[in-house]
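Architecture and fold: a report
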Amino acid sequence: MLLVSKLFKSGSLLRYIYSMRAMSTAPTVVKDIVYGSDDIKNQFLRIYPPVSLSTSNAEKKYPVVFLIHGGFWRDRWNIDNALLIDTVPDLNSRGVAVCAIEYRRNGQENNGGGVPGTMEDYVSAMCKLADLSATPEYSFLDTKRVTLCGHSAGGHAVLWLSSQRILCKLPFTPHRCVALAPVCDMVEASSWTRDGDHPVADFLAARTDNAVADPVLISPSHLLPLAVPTLLISASGDEDVPPTHVRTYFNRATTSVDVGGKGAYVRLLELEGAHHYSMIDPTSSHWQAVAAELCADALIV
């Protein structure tokens, strides 16, 4: 009983429960579209069209959710088992297309996982989405209405992509960003211990040259201001990414402006009674709140 209690507190048991559920709730299989040349196994994306798409309205364009899974950059958590993929059918049923990406992670250093390889993958995947939207097969993808959405480590990714300093690398400006339990401050998080290891520190050290990346260079907290309207969503019971961590970033983001006195709109939604995984469980009320935000026409309502 003590072991179960420890597993539940650490999040391991919750991950196991939700990963088992994922086997029965995963979306319909679609083809993997490679966007990189270094590591075909882990550099691909998948396009999930909205349920309402049909040949009768082939010229209609649909908003897109650019989905980046979490897992603290660990190799064992991938696009198929990192739980966020379970939300795709619900998003598709709400009239939204989904572009879910896989990327290089810890344990894949020989293939360039880590810094800067993983960060380059995020940008390359967005470039591939832009290219696909210009083809007849994927012309339904509206790159003027792309919402970046990531959970945990994926939340870090979408905040990084939404920084004014990174925006120039992107093929288009995202319409908005929704970051779920995001790792915001890589300096602070580099000391975190999760499930007996140090995932953020491991990610920073995952380089082929054996050097350790400077956390400041990829830390959303240190790359403010934001260039994209952003919604931060945290869970009151989250022990993987504490809500205080997200709230601190929110406070910084709301007061951060560029040299022209401008800063992107940012809002914080704290889900009471939620934990790290319930916000991406499509059967939970917490996910319903998240989905409503993701599928809204605008963040300001």
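The coordinates are above.
In short, a report on the structure. Bear in mind that the values here come from a model prediction, so they are computed numbers and not experimental data.

**Regarding helix 8 (residues 243-255)**
Along its 13 residues, helix 8 runs 19 Å from first to last C-alpha, staying within 8% of the 18 Å computed at 1.5 Å per residue. When we look at burial in helix 8, the residues that qualify are Pro243, His245, Val246, Tyr249, Phe250 and Ala253. Burial along helix 8 is one-sided: seen end-on, the buried residues are contained in an arc of 155°. Structurally, helix 8 contributes buried residues whose contacts are with helix 5 (153-161), helix 6 (186-189), strand 7 (230-235) and strand 8 (266-271).

**Thoughts on unusual backbone geometry**
The linkage connecting valine 115 with the following residue, proline 116, adopts the cis geometry, with an omega of 10°. Relative to the helices and strands, proline 116 is located in the loop between strand 4 (97-102) and helix 4 (117-133). Across the junction of leucine 224 and proline 225, the peptide omega takes the value 10°, indicating a cis bond. Mapping proline 225 onto the fold places it in the loop between helix 7 (199-205) and strand 7. Backbone geometry places phenylalanine 72, a non-glycine residue, at a positive phi of 55°. Take phenylalanine 72: it is sitting in the loop between strand 3 (62-68) and helix 3 (88-93). According to the relative accessible area criterion, phenylalanine 72 is buried, its value standing at 3%. A positive phi angle, close to 45°, is found at alanine 181, a residue other than glycine.

**Some words on the packing of aromatic side chains**
Applying the stated criterion across every chain, the model contains 5 aromatic pairs. An angle of 70° between the planes, with centres 5.3 Å apart, marks the rings of tyrosine 103 and tyrosine 122 as edge-to-face. Of this pair, tyrosine 103 sits in the loop between strand 4 and helix 4 while tyrosine 122 sits in helix 4, and the two are 19 residues apart along the sequence. In this structure, tyrosine 103 and tyrosine 122 share a single accessibility class: buried. An aromatic cluster of at least three residues, connected via ring pairs, comprises Phe72, Trp73 and Phe203.

**Topic: empty space enclosed by the protein**
For the coordinates displayed, the defined rule picks out 3 cavities of 30 Å³ or more. Of the voids in this model, the second largest cavity is the one considered here, and its volume is about 40 Å³. Lining the second largest cavity, in full, are Leu67, Ile68, His69, Ile79, Leu84, Ile85, Ala100 and Ile101. Mapped by element, the contributors of at least two residues to the lining of the second largest cavity are strand 3 and strand 4. Considered class by class, the residues forming the lining of the second largest cavity number 7 nonpolar, 1 polar and no charged.

**Quick notes on helix 9 (residues 285-294)**
Taken together, the buried positions of helix 9 are His286, Trp287, Val290, Ala291, Glu293 and Leu294. The buried residues of helix 9 occupy one face: seen down the axis, they fall within an arc of 160°.

**Looking at the nonpolar core**
Counting residues in hydrophobic clusters, the biggest one holds 89 residues, and the most contacted among them are Ile47, Phe66, Trp73 and Tyr122. In terms of residues, this core owes the most to one element, helix 4, which gives 8 residues.

**Topic: the pattern of salt bridges**
Under the counting rule described, the total for this entry stands at 12 salt bridges. We note a salt bridge from arginine 105 to aspartate 75, for which the minimum N-O separation is 3.3 Å. Separated by 30 residues along the polypeptide, arginine 105 in the loop between strand 4 and helix 4 and aspartate 75 in the loop between strand 3 and helix 3 bring together distant segments of the chain. Exposure remark for aspartate 75: the relative accessible area of 35% places this residue in the partly exposed category. Across the pair aspartate 142 and arginine 145 runs a salt bridge whose closest N-O atoms are separated by 2.9 Å. Here aspartate 142 falls in the buried class, since its relative accessible area comes to 11%. Exposure remark for arginine 145: the relative accessible area of 33% places this residue in the partly exposed category.

**Quick word on the environment of valine 123**
Summarising the element assignment, valine 123 is placed in helix 4. As a C-alpha pair, valine 123 and leucine 170 span 47 residues in sequence and 6.3 Å in three-dimensional space. Not counting residues up to four positions away in its chain, the partners in contact with valine 123 are Trp160, Leu161, Lys169 and Leu170.

**Brief notes about the sheet that holds strand 1 (residues 33-34)**
Paired through their backbone hydrogen bonds, the strands of a sheet run either parallel or antiparallel. Pairing is mixed across the open sheet formed by 8 strands, whose spatial order is 1-2-4-3-5-6-7-8. Strands at the two margins of the open sheet, each flanked by one partner only, are strand 1 and strand 8. Of the strand pairs in this sheet, strand 7 and strand 8 are connected by 6 bridges, and their pairing is parallel. Following the sheet pairing, leucine 232 is matched in strand 8 by leucine 268. Against the sheet, helix 8 makes contact with strand 7 and strand 8, and its axis sits at roughly 160° relative to strand 8, the strand it touches most.

Cut-off values and rules
Residues numbered from 1 in each chain as written. Predicted model: local features only at pLDDT ≥ 70, side-chain atom pairs only at ≥ 80, totals over all residues. Heavy atoms only, no water. Helix = DSSP H or I, 4+ residues; strand = E, 2+ residues; numbered from the N terminus. Expected span 1.5 Å × (residues − 1). Buried < 20%, exposed > 50% of the residue type's maximum accessible area, 1.4 Å probe, protein only. Arc of directions from axis to C-beta. Contact = heavy atoms within 4.5 Å. Phe/Tyr/Trp six-rings, centres within 6.5 Å; stacked < 30°, edge-to-face > 60°. 1 Å grid on protein atoms, 1.4 Å probe; cavity = no way out; pocket = protein on both sides within 12 Å on 5 of 7 lines; lining within 4 Å. Points joined across faces, edges and corners; volume = space filled by probe spheres on them. Nonpolar A, V, L, I, M, F, W, Y, C, P; charged D, E, K, R; others polar. Core = buried A, V, L, I, M, F, W, Y, C linked by side-chain atoms within 4.5 Å. Salt bridge = Lys/Arg side-chain N within 4 Å of Asp/Glu carboxyl O. Pairing = 2+ DSSP bridges. Axes fitted to C-alpha atoms, helices over the stretch in contact; angles between N-to-C directions.

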